[in-house]
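# Remarks on the overall topology
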Amino acid sequence: MSQNYKRFLTLLEKWPIDKTKQGRDLGHFLRERFASQFSGTKIISSKDQENVEKQFVALENLIKNVHHDKYLRSNNSTSTGLTGNNF
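For the structure given in this document, a descriptive report is provided here. Each residue is numbered by its place in its chain's sequence as written, counting from 1. The predicted origin of the model limits local features to residues at a pLDDT of at least 70 and limits the giving and counting of side-chain atom pairs to 80 or more, whereas totals for whole chains, interfaces and linings rest on all residues. Excluding hydrogens and water, the side-chain values take into account all heavy atoms of the structure.

### Let's talk about helix α3 (residues 46–63)
Strands here are runs of E lasting at least two residues and helices are runs of H or I lasting at least four, both read from the DSSP assignment and numbered beginning at the N terminus. Helix span is expected to be 1.5 Å times the residue number reduced by one. Across its 18 residues, α3 extends 26 Å between first and last C-alpha, which sits within 8% of the 26 Å expected from 1.5 Å per residue. Buried, partly exposed and exposed residues are distinguished by accessible area as a fraction of the type maximum, computed with a 1.4 Å probe on protein chains only: under 20%, between the cut-offs, and over 50%, respectively. Among the residues of α3, those classed as buried are V52, F56 and L59. On an axial view of α3, the arc spanned by its buried residues comes to 70 degrees, and they lie on one face. Of the residues in α3, the exposed ones pointing more than 90 degrees away from the buried face are S46, K47 and K54. Within two residues after α3, N65 carries a phi angle of roughly 55 degrees, on the positive side. Arc, as used here, means the arc of the directions from the helix axis to the C-beta atoms.

The structure is reproduced here in structure tokens:
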């Protein structure tokens, strides 16, 4: 339990919080969910441990931009032809 707690805590420290989103921020949501999931002293079954590990790997992949780097975009425009600079 404490090992999972420390691992998630170090990952969430890398996730920034956007103050301008006020309650809509993914970083804030993840911290709240983390706090509720690890509150108390409940024993985690092996099936729950597998789910926790999957969640950790998915969050780690998001933070490290694994799929963004793996599948690079060839164009920087959308289906309408606008680029990110036009917004």
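### Re the nonpolar core
In this structure, F8, L11, L12, W15, L30, F34, F38, V52, F56 and L59 together form the largest nonpolar core, which totals ten residues. Breaking this core down by element, the ones donating at least two residues are α1 (2–14), α2 (26–37) and α3. Residues belong to a common nonpolar core when they are buried Ala, Val, Leu, Ile, Met, Phe, Trp, Tyr or Cys residues joined through side-chain atoms within 4.5 Å.

### Observations regarding the pattern of salt bridges
For side chains of opposite charge, pairing can occur when their charged atoms come near one another. Salt-bridge detection follows one rule: a side-chain nitrogen of Lys or Arg within 4 Å of a carboxyl oxygen of Asp or Glu. Evaluation of the coordinates by the stated rule reveals two salt bridges. A salt bridge links K64 to E60; the shortest N-O distance between them is 3.4 Å. Residue E60 is classed as partly exposed on the basis of its relative accessible area of 23%.

### Here's the deal with unusual backbone geometry
Residues other than glycine predominantly adopt negative phi, and peptide bonds predominantly adopt the trans conformation. At N65, a position not held by glycine, the phi torsion is positive, near 55 degrees. Residue classification places N65 among the partly exposed positions, given a relative accessible area of 40%.

### Observations regarding the packing of aromatic side chains
Note on ring pairs: Phe, Tyr and Trp rings are taken, using the six-membered ring of Trp, and paired if centres are within 6.5 Å. Classes follow the plane angle, with under 30 degrees stacked, over 60 edge-to-face and the rest tilted. Counted by the stated rule, this structure contains three aromatic pairs. Joined through ring pairs, the aromatic side chains of Y5, F8, F34 and F56 make up one cluster. Look at NZ for Lys and CZ for Arg. If either is within 6 Å of the ring centre and within 35 degrees of the ring normal, a charge sits over the ring. Positioned above the aromatic ring of F56 is the side chain of R7, whose terminal nitrogen or guanidinium carbon lies 3.8 Å from the ring centre.

### Side note on α2
Think of an α-helix as turning once every 3.6 residues; residues three or four places apart then point the same way. With twelve residues, α2 ought to run about 16 Å at 1.5 Å a step, and its terminal C-alpha atoms sit 16 Å apart, in line with that. Taken together, the buried positions of α2 are G27, L30 and F34. Angularly, the buried residues of α2 cover 60 degrees about the axis, an arc narrow enough to put them on a single face.

### With respect to the environment of F34
In this fold, F34 is placed in helix α2. Assessed through its relative accessible area of 8%, F34 is described here as buried. Note: C-alpha distance between F34 and F8 (26 residues apart in sequence) is 7.7 Å. The criterion used for residue contact is that any of the two residues' heavy atoms lie within 4.5 Å. Filtering out sequence-adjacent residues up to four positions away, F34 remains in contact with Y5, F8, L9 and L12.

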